[in-house]
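Coordinate inspection notes
Chain by chain, the residues:
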Amino acid sequence: MINLKNGDSKIINDFLKRKTSKEQTRKTYRTILNKYFKIIGIRDIDNYFSSKRNYVEDVWTFADAIQHSPPKSQQTYLACIKSFLERYDIELKKREWGDIKTRNGLRNVRPLRQKRTPNNADVKAILSYGGIKSRALFVFACTTGMRINEVLSLTFADIDMDMRHVRIRQETSKGNIPRDTFFSQESKELLEKWLPERQRYLLRSYKKSLYVRQYYQRRGYEVKFEDTFWNVYKDGKKLTKEQLIEMDPRLFPFEYTNALKIWHNLLEKAGSPYNQKDGNYYLFNIHSLRRFWFTQLESAGANMYHINYMGGHESELNATYTDFELRDLKKSYDDKMNFLSIFSEMKDVEKVITPKLMEQETQISILSREYQKVSSDFEQFKKLVYYSIGVPPYSDEQLRQRKDLEGFLPKVTEEELKFINAFRDRPYKKKSKANQS
């Protein structure tokens, strides 16, 4: 049986090589293809297209198996399989794909998962359970608006610590469009604390790093698996661990799965409501850090064109992006930077928020006084109306109480009512002192 996990299939490797240069996308597609071949029962993958199978039935078998997966996931699976088959000249008729989408309920689908966007206090509560590694990583993500995959692809050559500037390269950005963004002063301080810890982390984990192995293999080094570890050789000489870690240029030298595991562990430690799930997915997922960035800057009134450029919203990409001056972007970011603070004092934010809250309280107080005056005037008006028609001036509360007691009070007969009215209408005569005595 072919080892699918190690990517031994020539046709899969060939497809992925031509499909994308992004390592994370290749991993996703490889997983989907492995799932496809497992479901349809294929072991000899490289002979799949020479076996003259019924490829339409294979796709329907796969569609049946994934029918209960989330709709967005199904769309990704089917798009990958469609692209893979077309790469090797197997094109299903358009109606087949249409029927599958209709049968699986994939027409005009929307994400079914609930999502929550954290605020500053939420992020602080979650990261308070982490160390310098998790704080440096996730605060950096919060203050740059970058996707986690983009953050993990950064090298030291991509950042300027003095300017707090990040250049996101074309090969690492979503949509293959380079852009610029910035990180906060708070994030810079955490990065400075992370750098010495990063060195210690690499010394502990360099032999487990897939990135390091692949990095050396691409450069023609010999990589051998010896004594439960991977060792790297150059000209027959094994490289020392110091030589190995010097060749890892990443700011955060670990994989997406590691970052995801770290985030999930923090959510579990933080407890409710942060560890709540929708099915198997956390409501405060790792992507919520990016939503935090957008929400905070939009709420602060930052320039929307600058936000969309720095955040890499593909729907906003146009020719004007290339016209932005770096100094204008940085000024726009720095003016609202404190709204992204997690652990630092938010003095500048309070200067903005406090006057607004005081103004709101003043307006509420004015409205409350006006309401009381209107209510008082209305009560006086009701009394005038009541007196003019001969009805006692009961308040609303008294009327409610009388209505509640209607079922318990004895009913008054017509004769009793005539007597009461006659007694009420009789002119009042003041008694003399002689009569009183």
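Residues numbered from 1 in each chain as written. Predicted model: local features only at pLDDT ≥ 70, side-chain atom pairs only at ≥ 80, totals over all residues. Heavy atoms only, no water.

**Things to note about the overall build of the chain**
Helix and strand content of the chain: 19 helices and eight strands. Counting across all 437 residues of the chain, residues that qualify as buried make up 37%. Counting only contacts in the chain whose residues sit at least 6 apart along the sequence, the fraction spanning at least 24 positions is 62%. For the chain, the accessible area works out to roughly 27,700 Å², and carbon and sulfur atoms hold 51% of it. (Helix = DSSP H or I, 4+ residues; strand = E, 2+ residues; numbered from the N terminus. Buried < 20%, exposed > 50% of the residue type's maximum accessible area, 1.4 Å probe, protein only. Contact = heavy atoms within 4.5 Å. Areas by Shrake-Rupley, 256 points an atom, 1.4 Å probe, with all protein chains shown as cover.)

**Observations concerning the sheet that holds strand E3 (residues 179-182)**
Taken together, three strands build an open sheet; the order of strands is E1-E2-E3 and the sheet is antiparallel. Of all the strands in the sheet, just strand E1 (159-160) and E3 have a single pairing partner and so form its edges. The pairing of E1 with strand E2 (residues 165-168) spans two bridges and is antiparallel. Bridge pairing in E2 links Ile 159 to Val 166. Lying over the sheet, helix H15 (residues 326-336) contacts E2 and E3, oriented at roughly 35° with respect to E3. (Pairing = 2+ DSSP bridges. Axes fitted to C-alpha atoms, helices over the stretch in contact; angles between N-to-C directions.)

**A short note on the pattern of salt bridges**
Applying the stated rule across the entire model yields 18 salt bridges. Note that Arg 169 is salt-bridged to Asp 158, the shortest N-O span being 2.9 Å. With Arg 169 in the loop between E2 and E3 and Asp 158 in the loop between helix H8 (148-152) and E1, this pair connects stretches of sequence that are eleven residues apart. The class of Arg 169 is partly exposed, set by a relative accessible area of 24%. One salt bridge in this structure joins Glu 255 and Arg 250, with 3.4 Å as the shortest N-O distance. Residues joined by salt bridges that share partners form a network here, namely Lys 27, Asp 248, Arg 250 and Glu 255. (Salt bridge = Lys/Arg side-chain N within 4 Å of Asp/Glu carboxyl O.)

**A short note on the confidence of the model for the chain**
Caution applies to low-pLDDT parts of the model: their predicted coordinates are not meant to be read in detail. Per-residue pLDDT for the chain averages 80, and the proportion of residues at 70 or more is 77%. Here helix H19 (residues 433-436) stands out as the least confident element of the chain, with mean pLDDT 51; helix H7 (residues 132-144) is the most confident, with 95. Low confidence marks residues 1-6, where pLDDT is under 50. Its contacts with residues over four positions away, or in another chain, come to eight contacts. For the stretch residues 315-322, pLDDT sits under 50, and the model shows seven contacts to residues farther than four places along the chain or on other chains. (pLDDT = per-residue confidence, 0-100.)

**Here's the deal with the environment of Gly 175**
With respect to the helices and strands, Gly 175 occurs in the loop between E2 and E3. Each C-alpha atom, one on Gly 175 and one on His 313, is 9.5 Å from the other, the two residues being 138 residues apart in sequence.

**So, the sheet that holds strand E5 (residues 229-234)**
Strand order in the open sheet formed by three strands is E4-E5-E6, with antiparallel pairing between adjacent strands. Both edges of this open sheet fall to strand E4 (222-226) and strand E6 (237-238), since each of them pairs with a single strand only. Two strands pair when backbone bridges link them, and E4 and E5 are joined in this way by five bridges, in the antiparallel orientation. Looking at E5, one finds that Phe 225 is bridged to Trp 230.

**Thoughts on helix H6 (residues 120-127)**
All of the buried residues along H6 are Asn 120, Asp 122, Val 123, Ile 126 and Leu 127. With its buried residues spanning 165° around the axis, H6 presents them on a single face. Contact partners of the buried residues in H6: H7, helix H12 (256-270) and helix H13 (288-299). Backbone nitrogen of Ala 121 and a side-chain oxygen of the N-cap are separated by 3.1 Å at the start of H6; the cap is Asn 119. (Arc of directions from axis to C-beta. Polar contact = N/O pair within 3.5 Å; in protein donor to acceptor, adjacent residues only side chain to side chain.)

**Considerations on the nonpolar core**
Judged by nonpolar contacts, the single largest core of 51 residues is most densely connected at Phe 138, Phe 140, Phe 252 and Trp 263. If one sorts the elements of this core by residue count, H7 sits on top with seven residues. The residues touching Phe 140, leaving out its near neighbours within four places in the chain, are Arg 135, Met 146, Val 151, Leu 154, Val 166, Phe 183, Ser 187, Leu 191, Leu 251 and Phe 252. (Core = buried A, V, L, I, M, F, W, Y, C linked by side-chain atoms within 4.5 Å.)

**Looking at the packing of H6 against H12**
Two elements in contact, H6 and H12, have axes separated by 8 Å at closest approach and are oriented at 95°. Judged by the inter-axis angle, H6 sits roughly perpendicular to H12. The segment H6 lies against H12, with Ala 125, Ile 126 and Leu 127 engaging Trp 263, Leu 266, Leu 267 and Ala 270. (Parallel < 35°, antiparallel > 145°, perpendicular 65-115°, else oblique.)

**Here's the deal with the pairing of E3**
Every second residue of E3 is oriented toward a common face, with Arg 179 and Thr 181 on one face and Asp 180 and Phe 182 on the other, all of them buried. One ladder, built from four bridges, connects E2 with E3; its direction is antiparallel. Bridging across to E3, Arg 167 finds its partner in Asp 180.

**Side note on the packing of aromatic side chains**
Using the criterion set out here, one finds 24 aromatic pairs in the structure. Taken together, a centroid distance of 5.2 Å and an interplanar angle of 80° make the contact between Tyr 48 and Tyr 55 edge-to-face. Each of the two residues, Tyr 48 as well as Tyr 55, counts as buried. Ring geometry for Trp 194 versus Phe 252: centroids 6.0 Å apart, planes at 20°, classification stacked. With Trp 194 in helix H9 (residues 185-205) and Phe 252 in the loop between helix H11 (241-246) and H12, the pair connects residues that are 58 residues apart, well separated along the chain. The class of Trp 194 is buried, set by a relative accessible area of 0%. (Phe/Tyr/Trp six-rings, centres within 6.5 Å; stacked < 30°, edge-to-face > 60°.)

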